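Topology and contacts: notes
Here is how the chains run, residue by residue.
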Amino acid sequence: MADIDLSLAVETVVTLSVIMDPIGNVPLFLALTANQSREEQRRSAFHASAVAAGLIVTFALVGRELLGVLGIGLPALQVAGGLLLALIALDLLRPEDEAAPRQQAGRNVALVPLGTPLLAGPGAIAATMVSIERADGLVGDLSVMVALGIALAIVYLVLRYAGLLGRLLRRNAIDLITRVMGLLTAAIAVQLIAAGVQEWVRVGV
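Residues numbered from 1 in each chain as written. Predicted model: local features only at pLDDT ≥ 70, side-chain atom pairs only at ≥ 80, totals over all residues. Heavy atoms only, no water.

1. Some details on the packing of aromatic side chains
With the rule as written, the count across this model stands at one aromatic pair. Aromatic pair Phe46 and Tyr156: ring centres 6.1 Å apart, planes at 85°, arrangement edge-to-face. Here the residue Phe46 occupies a position in helix α3 (residues 38-70), and Tyr156 occupies one in helix α7 (residues 137-160), the gap between them amounting to 110 residues. Judged by its relative accessible area of 47%, Phe46 falls in the partly exposed class. (Phe/Tyr/Trp six-rings, centres within 6.5 Å; stacked < 30°, edge-to-face > 60°. Helix = DSSP H or I, 4+ residues; strand = E, 2+ residues; numbered from the N terminus. Buried < 20%, exposed > 50% of the residue type's maximum accessible area, 1.4 Å probe, protein only.)

Here it is in structure tokens:
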């Protein structure tokens with residue numbers, strides 16, 4: 001761990017865990033996989049996490065080149081990511097008005113909507129790209145990748161044991177955790193926007 005930027009890694013783990021909100025997605029996961037056996041639910045949890053990992057890593061690897069081609073700087077990415085996170089925070093903070101959708105026959109819910117956009121949504125992708133842009137060289141990039149792996153491992157374990165967590169926490173506790181996650185997501189969004197604006201003021205747009 002001596003070669004890892006611990007501060008960046010911890011910040012990335014917390015940010016991604018809050019954005020992907022695995023605890024808050026437990027009721028939706030159980031609803032979407034209600035017709036599956038316990039073994040099938042475990043496979044769905046693994047496949048959803050793998051899909052999310054593939055999408056986020058892809059954007060992390062080609063993000064810099066993509067930003068360069070489009071002429072987009074880090075401040076713009078920070079502000080855009082902050083705005084996206086603010087929208088996600090609003091969704092987490094307000095109560096659900098509709099019941100979670102049920103699994104449709106012949107549809108692989110591990111890919112859509114679990115893998116994306118619930119896990120690998122625009123917020124998680126933008127946050128990872130911001131972390132990569134802030135990373136200092138190979139050590140920084142490795143720190144972000146390690147953090148991403150830890151965050152996705154947390155997501156997988158929560159979804160794998162979603163049935164047990166659903167019985168232990170109950171709906172009210174899950175709702176409470178989701179609201180707290182929403183508040184933290186809003187704070188992260190404000191911080192990203194403030195950092196982007198501060199950089200614009202310092203060096204210009």
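2. As for the packing of helix α4 (residues 74-93) against helix α6 (residues 122-134)
Where α4 contacts α6, the two axes come as close as 9 Å, and the packing angle between them is 150°. The orientation of α4 relative to α6 falls into the category roughly antiparallel. Viewed along their axes, α4 and α6 form a crossing whose handedness is left-handed. Packed against α4, whose contacting residues are Leu74, Leu77, Gln78, Gly81, Leu84, Leu85 and Ile88, the element α6 presents Pro122, Gly123, Ala126, Met129, Val130, Glu133 and Arg134 at the interface. Taken together, the residues of the contact of α4 with α6 break down into nine nonpolar, three polar and two charged. (Axes fitted to C-alpha atoms, helices over the stretch in contact; angles between N-to-C directions. Parallel < 35°, antiparallel > 145°, perpendicular 65-115°, else oblique. Left-handed = near helix turned anticlockwise from the far one by under 90°. Contact = heavy atoms within 4.5 Å. Nonpolar A, V, L, I, M, F, W, Y, C, P; charged D, E, K, R; others polar.)

3. What about the confidence of the model for the chain?
For the chain, per-residue confidence averages 84 on the pLDDT scale, and 92% of positions sit at 70 or higher. By mean pLDDT, α4 is the weakest element of the chain at 80, and α7 is the strongest at 95. Within the model, pLDDT remains below 50 along residues 97-101, and this stretch shows five contacts once partners closer than five positions in the same chain are excluded. (pLDDT = per-residue confidence, 0-100.)

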